[in-house]
Amino acid sequence: MDDFGYHTIWDITGADARLLKDAPALHDFFLSTLQRSRFTVLDHLTHKFNVGGEGVTGLYLLSESHLSYHTYPESHYISIDVYTCGSNNLSINEGIRGFFGGDVKVKSRTLLRGSNVVVAKEVENETCQ
């Protein structure tokens, strides 16, 4: 099996704080987006925090890999992380702006992953501080 994959992260700012606290709405959005994008959802888990901003964390286990998100309503921010092996995950982009609102700022970056991916410069054992 080929180990090639796409690892995309989204940073979304300016989102409605009420939406970022709404665990059922977030769950439904991500589940339907994954299904429309033809990913196979094996399982999912969400957790709603009751203190410290009342954010939500979600994780979807996919046969293609995973999607996770973390909301920070107090900052109007959500981070989304999607790793898929083989299939390009950019189809998830389509509904993000519509769901989170027209005034949001969306930044995304995609890394190509795998044992045969050539990168300009590799940094091994770098520590994040």
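The structure this text deals with has already been given above.
Residues numbered from 1 in each chain as written. Predicted model: local features only at pLDDT ≥ 70, side-chain atom pairs only at ≥ 80, totals over all residues. Heavy atoms only, no water.

(A) Layout of the environment of G114. On the secondary structure map, G114 appears in the segment after β6 (105-113). For G114, a relative accessible area of 34% translates into the label partly exposed. Ignoring anything within four residues of it in the chain, the contact list for G114 reads D3 and F4. (Helix = DSSP H or I, 4+ residues; strand = E, 2+ residues; numbered from the N terminus. Buried < 20%, exposed > 50% of the residue type's maximum accessible area, 1.4 Å probe, protein only. Contact = heavy atoms within 4.5 Å.)

(B) Fine view of the packing of aromatic side chains. Counting across every chain of the model gives eight aromatic pairs. Measuring from ring centre to ring centre gives 4.5 Å for F30 and Y69, while their planes differ by 15°; the resulting arrangement is stacked. One end of the pair, F30, is in helix α2 (residues 23-36); the other, Y69, is in strand β4 (residues 65-72), and 39 residues separate them in sequence. You can call Y69 buried: its relative accessible area is 0%. With a centroid separation of 5.6 Å and an interplanar angle of 35°, the aromatic rings of Y72 and Y77 are classed as tilted. Under the relative-accessibility criterion, Y72 is labelled partly exposed at 36%. Among the aromatic side chains, those forming a connected cluster through ring pairs are F29, F30, Y60, Y69, F99 and F100. (Phe/Tyr/Trp six-rings, centres within 6.5 Å; stacked < 30°, edge-to-face > 60°.)

(C) Layout of the pairing of strand β5 (residues 77-85). With seven of nine residues buried, β5 is to be regarded as a mostly interior element. Judged from the nine bridges that link them, strand β1 (residues 5-13) and β5 form a sheet pairing that is antiparallel. Within β5, the position partnered with T13 by the bridge is Y77. Following β4, the chain reverses through four residues before pairing antiparallel with β5; H76 in that reversal takes a positive phi of roughly 55°. (Pairing = 2+ DSSP bridges.)

(D) Summary view of the nonpolar core. With 24 residues, the main nonpolar core has F30, L67, Y69, I80 and F100 as its most contacted residues. Among the elements of the structure, β1, α1 (17-20), α2, β3 (56-62), β4, β5 and α3 (93-100) are those that each provide at least two residues to this core. Top element by residues in this core is α2. It accounts for six residues. The contact partners of Y69, leaving out residues within four places of it in the chain, are L26, H27, F30, T46, V56, T57, G58, Y60, I78, S79 and I80. (Core = buried A, V, L, I, M, F, W, Y, C linked by side-chain atoms within 4.5 Å.)

(E) The arrangement of the pattern of salt bridges in detail. Across all of its chains, the model carries three salt bridges by this definition. A salt bridge links K48 to E54; the shortest N-O distance between them is 3.7 Å. By relative accessible area, K48 is classed as partly exposed at 26%. (Salt bridge = Lys/Arg side-chain N within 4 Å of Asp/Glu carboxyl O.)

(F) Quick peek at the sheet that holds β6. Strands sit in the order β2-β3-β4-β5-β1-β6 across an open sheet of six strands; the sheet is antiparallel. At either margin of the open sheet sits one strand with a lone partner, and together these are β2 (41-48) and β6. Averaged over all adjacent pairs, the angle separating strand axes in this sheet is 10°, with direction ignored. With eight bridges joining them, β4 and β5 adopt antiparallel strand pairing. Bridging across to β5, L67 finds its partner in V82. Against the sheet, α2 engages β2, β3, β4 and β5, with an angle of about 25° to β3. (Axes fitted to C-alpha atoms, helices over the stretch in contact; angles between N-to-C directions.)

Any link to function would need more than the numbers given here.
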